[in-house]
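Tertiary structure, described
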2 protein chains.
Amino acid sequence: MREQEHIVKSFEEELEAISTQIAQMGGMAEAQLAAAIDCVTRRDIALAERTVLEDRRIDEMEHDIEEQTVRLIALRQPMALDLREAISAIKISADLERIGDLAKNIAKRSIIVIGDYETPARLMQGLARMGKLAQGQLKAVLDAYAGRNAEEALHVWRSDAEIDEMYNSIFRELLTYMMEDPRTIGACTHLLFIAKNIERIGDHATNVAETVSYLVTGEMLVDERPKSDQTTTTAISALRDTQ
Amino acid sequence: MREQEHIVKSFEEELEAISTQIAQMGGMAEAQLAAAIDCVTRRDIALAERTVLEDRRIDEMEHDIEEQTVRLIALRQPMALDLREAISAIKISADLERIGDLAKNIAKRSIIVIGDYETPARLMQGLARMGKLAQGQLKAVLDAYAGRNAEEALHVWRSDAEIDEMYNSIFRELLTYMMEDPRTIGACTHLLFIAKNIERIGDHATNVAETVSYLVTGEMLVDERPKSDQTTTTAISALRDTQ
């Protein structure tokens, strides 16, 4: 009996340790995203270089979490909620790793843009706002995970359209700058990918929201997530992006 | 004893059924990628519309495979290789789902481009070649998975740099077209994202290669994958992309 209790407690402890690591990894992804946005808006090359280097730590964390979780499943053979905890850990850490990658890519591109282009203030404000939105989504979904709160996760899942709308507006703005002054095409293309990366970070936050919802309820969200995309198959103008 | 044998056989059957579904899903992803490239190079709007609609089937397959695999882990509590099979099924189906999404996005963008721009033949040839490379990578990695062949998977993993190089060259070409004729900026931006999507499909094939290698050997590939990216932190020119 004692032995049994010991094993049960230790399993919970292991699961909790993984969950804590995900929270840490989430914190790192948040910090990397904030730094990446600062690289762009403050034109800070030293910060950009640090942000690129820092990404390796997030990659290592994903690797560790996956390895520990697979070992946990193999040794402990969890069922029901415990198994969902383990599967969710693998999925969430994969999304956080991708968010880290995208933040690194934003930092890399910011270095090119900084050296190449006096970016209009209005555009920088737009990117900063979009970055803040994505940070808010990431923070909210990490809170939802920490609290195992499906309601909060669903709220994040429903709010993704706002980032998409902002992306569409920045997309149009950037194309306008390029047409007005073709010398800016190189830099604006990188800014376009930066905006796209922020939008994709929002998508990954939405993925995490789906995983948290599945973790808590045991049901997967199967509906198409709400997309604020009016273009799709009947595009009147090329000056809008499509997701 | 009989009972035991029955359970063992049935577990293997279930695992094999999941593996077969992944092969089917892989075939669908290959077909969607081929169709998406045809949409762009043949300017076929009807095909593009079918390709967009068809993506839903790949999404459903991912959902089914994940559900079945989690149930299998819960009921059968597999260990070692069997557990790696199950975890790999979840990871590979997630990558195939993303490949399907990217193919859908290529098809959507092709509709905008077709209506908007007389694309230069040289550019179309480049995109077609890049598409063929990505198709080859996807086919090779699905074969590696079917044969549980780590060597073949490693070969795919190492070949990703070729797609990246081709992407860089198309990136430069597109920027040149935009600068020469700013009226093409809208359409060329979509072609840029189309090329980026093909490059990302190559990345997902590389992810699958990592998973196959892990499945067969039990070890994760931890090295940075070979990237053909000479720009990164010291960019002299904005006329090159960064990964």
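Refer to the structure printed above.
Structure report, in brief. (Residues numbered from 1 in each chain as written. Chains lettered and ligands numbered in written order. Predicted model: local features only at pLDDT ≥ 70, side-chain atom pairs only at ≥ 80, totals over all residues. Heavy atoms only, no water.)

A word on the overall build of chain A
Broken down by element type, chain A carries six helices and zero strands. Burial status across chain A gives 57% buried among its 243 residues. Once local pairs closer than 6 in sequence are excluded, the contacts in chain A between residues at least 24 apart make up 82%. When the accessible surface of chain A is split by element, carbon and sulfur atoms take 51% of a total near 10,500 Å². (Helix = DSSP H or I, 4+ residues; strand = E, 2+ residues; numbered from the N terminus. Buried < 20%, exposed > 50% of the residue type's maximum accessible area, 1.4 Å probe, protein only. Contact = heavy atoms within 4.5 Å. Areas by Shrake-Rupley, 256 points an atom, 1.4 Å probe, with all protein chains shown as cover.)

Some details on the relation of the copies chain B and chain A
Two copies of one chain are present, and they are related through a rotation about an axis combined with an axial shift. Once chain B is rotated about the relating axis by 180° and shifted along it by 0.0 Å, it coincides with chain A to within an RMSD of 0.0 Å. This pairing of chains is accounted for by a two-fold axis. Considering only C-alpha atoms, the part of chain B nearest the rotation axis is Gln-77 of chain B, at 2.7 Å. (Least-squares fit on C-alpha atoms with pLDDT ≥ 70 in both.)

Description of the nonpolar core
Nonpolar side chains in soluble globular proteins generally cluster together in the buried interior. Within the largest apolar cluster, 122 residues are counted, with the highest numbers of intra-cluster contacts made by Leu-96, Leu-127 and Leu-191 of chain A together with Leu-96, Leu-127 and Leu-191 of chain B. Ignoring sequence-local partners within four residues, the contact set of Leu-96 of chain A consists of Ile-22, Met-25, Gly-26, Ala-29, Ile-58, Leu-138 and Leu-142 of chain A. Counting residues in hydrophobic clusters, the runner-up holds 18 residues, among them Val-70, Ala-74 and Ile-87 of chain A together with Ile-73 of chain B. (Core = buried A, V, L, I, M, F, W, Y, C linked by side-chain atoms within 4.5 Å.)

Structural notes on the interface of chain B and chain A
Listed per partner, the contact involves 50 residues of chain B and 52 residues of chain A. With both sides pooled, the region where chain B packs onto chain A buries about 4,500 Å², and carbon together with sulfur makes up 66% of that total. The interface formed by chain B and chain A includes two salt bridges. For Lys-91 of chain B, the salt bridge goes to Glu-66 of chain A, with nearest N and O atoms at 2.6 Å. Counting every contact that joins chain B to chain A gives three residue pairs in polar contact (both at pLDDT 80 or more). Elements with a minimum of two residues in the side of chain B that touches chain A: α2 (45–76), α3 (80–116), α5 (150–180) and α6 (185–217) of chain B. (Buried area = accessible area lost by both parts, 1.4 Å probe. Salt bridge = Lys/Arg side-chain N within 4 Å of Asp/Glu carboxyl O. Polar contact = N/O pair within 3.5 Å; in protein donor to acceptor, adjacent residues only side chain to side chain.)

Some thoughts on the pattern of salt bridges
Inspection of every chain in the model, using the stated rule, returns 22 salt bridges over all chains. Its salt-bridge partner being Glu-85 of chain A, residue Arg-148 of chain A comes within 2.8 Å of it at the nearest N-O pair. With Arg-148 of chain A in the loop between α4 (121–146) and α5 (150–180) and Glu-85 of chain A in helix α3 (residues 80–116), the pair connects residues that are 63 residues apart, well separated along the chain. Residue class for Arg-148 of chain A comes out partly exposed when judged on its relative accessible area of 24%. Given the relative accessible area of 13%, Glu-85 of chain A is considered buried. A salt bridge links Arg-98 of chain B to Asp-101 of chain B; its shortest N-O distance comes to 2.7 Å. Highlighted residues: Arg-98 of chain B and Asp-101 of chain B, both in helix α3, separated by three residues, approximately one helical turn.

A few points about a negative patch on the surface
Residues Glu-60, Asp-64 and Glu-67 of chain A together with Glu-219 of chain B make up a contiguous surface patch of negative charge. Note on placement: Glu-60 of chain A falls in helix α2 (residues 45–76). (Patch = residues over 30% accessible without salt bridge, like charges linked within 9 Å, V, L, I, M, F, W, Y side chains within 5 Å. Lys, Arg positive; Asp, Glu negative; His and termini not counted. Charge placed at Lys NZ, Arg CZ, Asp CG, Glu CD.)

Section: α5 of chain B
Relative to the 45 Å expected for 31 residues at 1.5 Å per residue, α5 of chain B spans 47 Å between its end C-alpha atoms, a close match to the ideal helical length. At Arg-158 of chain B, α5 of chain B shows its maximal bend, which comes to roughly 30°. (Expected span 1.5 Å × (residues − 1). Bend = angle between axes of the 7 residues up to and from the residue.)

Some words on empty space enclosed by the protein
All names here are of chain B. In this structure the tally under the stated criterion is three cavities of 30 Å³ or more. Reported here for the largest cavity is a volume of approximately 40 Å³. Lining the largest cavity we find Val-40, Arg-43, Ser-110, Val-113, Ile-114, Thr-119, Met-124, Leu-191 and Ile-194. Elements supplying a minimum of two residues to the lining of the largest cavity: α3 and α6. Per-element tally for the lining of the largest cavity: the top contributor is α3, with three residues. Across the lining of the largest cavity, the residue classes tally to six nonpolar, two polar and one charged. (1 Å grid on protein atoms, 1.4 Å probe; cavity = no way out; pocket = protein on both sides within 12 Å on 5 of 7 lines; lining within 4 Å. Points joined across faces, edges and corners; volume = space filled by probe spheres on them. Nonpolar A, V, L, I, M, F, W, Y, C, P; charged D, E, K, R; others polar.)

None of the figures reported here should be taken as evidence of function without further support.
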